[in-house]
Amino acid sequence: MILCSNPSEQFKSYQSEIELAVSTVMRSKNYILGEQVSLLEEEFAKYIGTSSAIGVANGTDAIEIALRSLNIGYGDEVITVSHTAVATVAAIEASGAKAVLVDIDPNFYTLNPNQLEMVLTKKTKAVIAVHLYGNAVDLDSVLSFCKANKIFLIEDVSQAHGAKYKGKRLGSIGDIGCFSCYPTKNLGAIGDAGLVTTNNLDLANKVRMIREYGWRNRTSMFPGRNSRLDEIQAAILRIKLKYLDSDNQKRRDTAKFYYDNLSLLPIEFPKISMNVESVFHLFVINVANQKKLIDYLKKEGVMAGIHYPLPVHLHPAYKDRVVISKDMSVTEGIVKKIVSLPIYPELSHSDTKLIVNAMKKFFK
C-alpha cells in the first residue's frame, strides 16, 4: 500500500542520527527548554532569514501565541480562509478573536486578496495568510492591504517549510510566521512541535514569555500558558532541518514527474505563481469524479487523500461562530473535486510510476 504521506519512512532515512540525538538528550538530564531548543531556534531563524525563532508545543499554539503577542483578542477580528486546516481557525478562537473567512483564488487555491476589502471592519486586526500545499499566498497584494489598513500580517507556513516568495523564505515576510512541525510536515517532528519566526525582537521576547506563563525571571508579567517545545523534538528537528532543502527537492522531482505524465489527462492542477518556489507539501489535482478516483486508487494500492473535505465554515462546530464573505463559491465547489496524490521525499520512483499508471488506467 502506497500511503499519501509516510513519516515513518523519513525516520528510517535518518534513523541512526535521530536515535543518537534522542539518546544524547536522555543522558543530558535537561529535557525542557534546554540546549537543543536554543540551538534549533538559532538554526531555524538563520534558515528562514529572521532575527528570531521560538519553539512552541505545536502549530496551533504558534498561531494563538502569535495573535496574543500582537495584543489581538476579544472584540477583534482576524481574516483568513475557510479552505485550511481547522487548526488555523481554532487558534484564532483560542486567542479570543473572531475568525472572518474569505474565499480562495480559483487558480492558486490560496487566499483571494480581492475579497479582503469586502470583510474589512474597524475590528479587523490581522490577516492570516495560509501558504497552502507548499505554495505561497499573493503576498504583495496582502501586504499592500495590511499596510494600507495598519493591520498585521501573520503567515501560516505549516505546509510550506522552506518555500520562497520572490527569493525570500516564507515566514520572514509578514510581521510573524507560524509553523507546525507535525510528523507529516516537510519539517516534521516525531510528535507535536511548532515554531514562531519574526524580525521584531520585542515580539520575539513576548512570544517566549507567553509560551511559559508570561514569565520573566519566573514572575508572570502577564497571563501566559504552557506551550514549551521539548528537547527531544527539538533534537529531532535539528537533524531533519539539515536535510530539508534536499528533501524538498525530492518533492519537486516527484511533482515534476506527475506534471509530465498526467498533464494530458482530464484533470486540473493548482497554478503556481512565477514568484513562488513551491515545496509541494501536497500534490493536489482537481477532478470531476473525486470519490470514484479515490476508491479506484485504493483498489490499486494507492491511498490518496482530500485536503480538505469540508470548509471550516461548514463544520458543525463553526457554522454559527465565524463570519464569512458573501461569496464562498470556489471554496465550497473545490472540496468536491480535489484529490491529494502521494508525495514525500522517500516515495520511490517505481511507486510514483505505479500511481501514474493507475491514474492513466482510470481515465482510459
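Checked against the element boundaries, aspartate 156 lands in strand E5 (residues 152-156). Residue classification places aspartate 156 among the buried residues on the basis of a relative accessible area of 5%. Considered as a pair, aspartate 156 and valine 130 are 26 residues apart in the sequence and their alpha carbons are 4.7 Å apart. The residues contacting aspartate 156, other than those within four sequence positions of it, are Ile63, Thr88, Ile128, Ala129, Val130, His131 and Cys178. A polar atom in the side chain of aspartate 156 sits 3.0 Å from the side chain of threonine 88.

Tracing the backbone shows lysine 125 in strand E4 (residues 124-130). By relative accessible area, which is 30% here, lysine 125 ends up partly exposed. Expressed as a C-alpha distance, the spacing of lysine 125 and glycine 73, which sit 52 residues apart in the sequence, is 9.3 Å. Residue contacts for lysine 125: discarding those within four places in its chain leaves Ile72, Asp76, Glu77, Ile151 and Phe152.

Spatially, 3 strands are ordered E7-E6-E12 in an open sheet, and the strand pairing comes out antiparallel. Where the open sheet ends on each side, the last strands, each with one partner, are strand E7 (168-169) and strand E12 (276-277). Sheet topology note: the strand E6 (residues 164-165)/E7 ladder contains 2 bridges and is antiparallel. Each residue of the ladder has a partner; that of tyrosine 165, found in E7, is lysine 168.

The rules we used
Residues numbered from 1 in each chain as written. Predicted model: local features only at pLDDT ≥ 70, side-chain atom pairs only at ≥ 80, totals over all residues. Heavy atoms only, no water. Helix = DSSP H or I, 4+ residues; strand = E, 2+ residues; numbered from the N terminus. Buried < 20%, exposed > 50% of the residue type's maximum accessible area, 1.4 Å probe, protein only. Contact = heavy atoms within 4.5 Å. Polar contact = N/O pair within 3.5 Å; in protein donor to acceptor, adjacent residues only side chain to side chain. Pairing = 2+ DSSP bridges.

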